[in-house]
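# Structural characterization, general
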Amino acid sequence: MTQPPPDYDHFRTTLLTLQRELLAVSSTGQEAAQPVELDQTAVGRVSRMDALQQQAMAQAAQQRRHIQLQRIESALQRLENGKFGWCVRCGEEIFRKRLDVAPTVPLCIACADGRNP
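Residues numbered from 1 in each chain as written. Predicted model: local features only at pLDDT ≥ 70, side-chain atom pairs only at ≥ 80, totals over all residues. Heavy atoms only, no water.

### Some details on the overall build of the chain
When you go through the chain residue by residue, the secondary structure sums to four helices and zero strands. The N-to-C order of helical and strand elements in the chain reads α-α-α-α. Here the chain holds 117 residues, and the buried ones make up 26% of them. Counted over contacts in the chain with a minimum sequence separation of 6, partners at least 24 positions apart contribute 58%. For the chain, the exposed surface amounts to about 8100 Å²; the carbon and sulfur share of it is 55%. (Helix = DSSP H or I, 4+ residues; strand = E, 2+ residues; numbered from the N terminus. Buried < 20%, exposed > 50% of the residue type's maximum accessible area, 1.4 Å probe, protein only. Contact = heavy atoms within 4.5 Å. Areas by Shrake-Rupley, 256 points an atom, 1.4 Å probe, with all protein chains shown as cover.)

Below is the structure:
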């Protein structure tokens with residue numbers, strides 16, 4: 001039994017909304033990821049350590065957003081090519097519920113779990 005084809009317009013809208021939101025957050029997060037000034041006369045050691053930790057966390061968050069934006073772009077390309085909703089490894093359909101939860105997934109559950117070669 002095959003599933004009905006995915007609602008491409010719904011997923012396109014969802015992906016574009018996610019992309020806009022990530023780009024908006026990304027532009028504000030860039031300031032926090034800038035290098036920290038280590039002027040020992042201006043701030044204490046604990047404050048510098050806190051600033052460095054905040055910078056590292058901001059850089060990690062920026063990297064995660066960048067990866068998610070790449071995944072969104074790939075999903076949008078699969079939509080344009082008519083390959084959205086199909087596993088890029090085995091070619092089987094990706095369940096609609098899986099796409100509803102994570103519209104950027106490129107693999108079916110079996111391939112993601114490593115059950116398919």
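### Brief notes about the pattern of salt bridges
Applying the stated rule across the entire model yields four salt bridges. Among the salt bridges present, the one from Arg12 reaches Asp9, with a minimum N-O distance of 3.5 Å. A residue pair is termed a helical-turn pair when its members lie 3 or 4 positions apart in one helix, as Arg12 and Asp9 do in helix 1 (residues 8-32) at three residues. Judged by its relative accessible area of 24%, Arg12 is partly exposed. Here Asp9 falls in the exposed class, since its relative accessible area comes to 55%. Here Glu80 and Arg12 are joined by a salt bridge, their closest N and O atoms 3.2 Å apart. With a gap of 68 residues between them, Glu80 in helix 2 (residues 45-81) and Arg12 in helix 1 connect regions that are remote in the sequence. (Salt bridge = Lys/Arg side-chain N within 4 Å of Asp/Glu carboxyl O.)

### A closer look at the side chain of Gln62
Positionally, Gln62 belongs in helix 2. When its relative accessible area of 17% is taken as the criterion, Gln62 is described as buried.

### Observations concerning the UniProt feature "domain: Zinc finger DksA/TraR C4-type" (unreviewed entry) in the chain
Mapped onto the present numbering, the UniProt feature "domain: Zinc finger DksA/TraR C4-type" (unreviewed entry) falls on residues 82-115. The span residues 82-115 shows a helical share of 29% and a strand share of 0%, and its end C-alpha atoms are spaced 25 Å apart. (UniProt positions renumbered as here; feature names shortened; annotations may be inferred.)

### Here's the deal with the nonpolar core
In this structure, Leu15, Phe84, Cys87, Ile94 and Leu99 are the most contacted members of the largest nonpolar core, which totals 16 residues. Looking at this core, the elements that each hand over two or more residues are helix 1 and helix 2. Top element by residues in this core is helix 2. It accounts for five residues. (Core = buried A, V, L, I, M, F, W, Y, C linked by side-chain atoms within 4.5 Å.)

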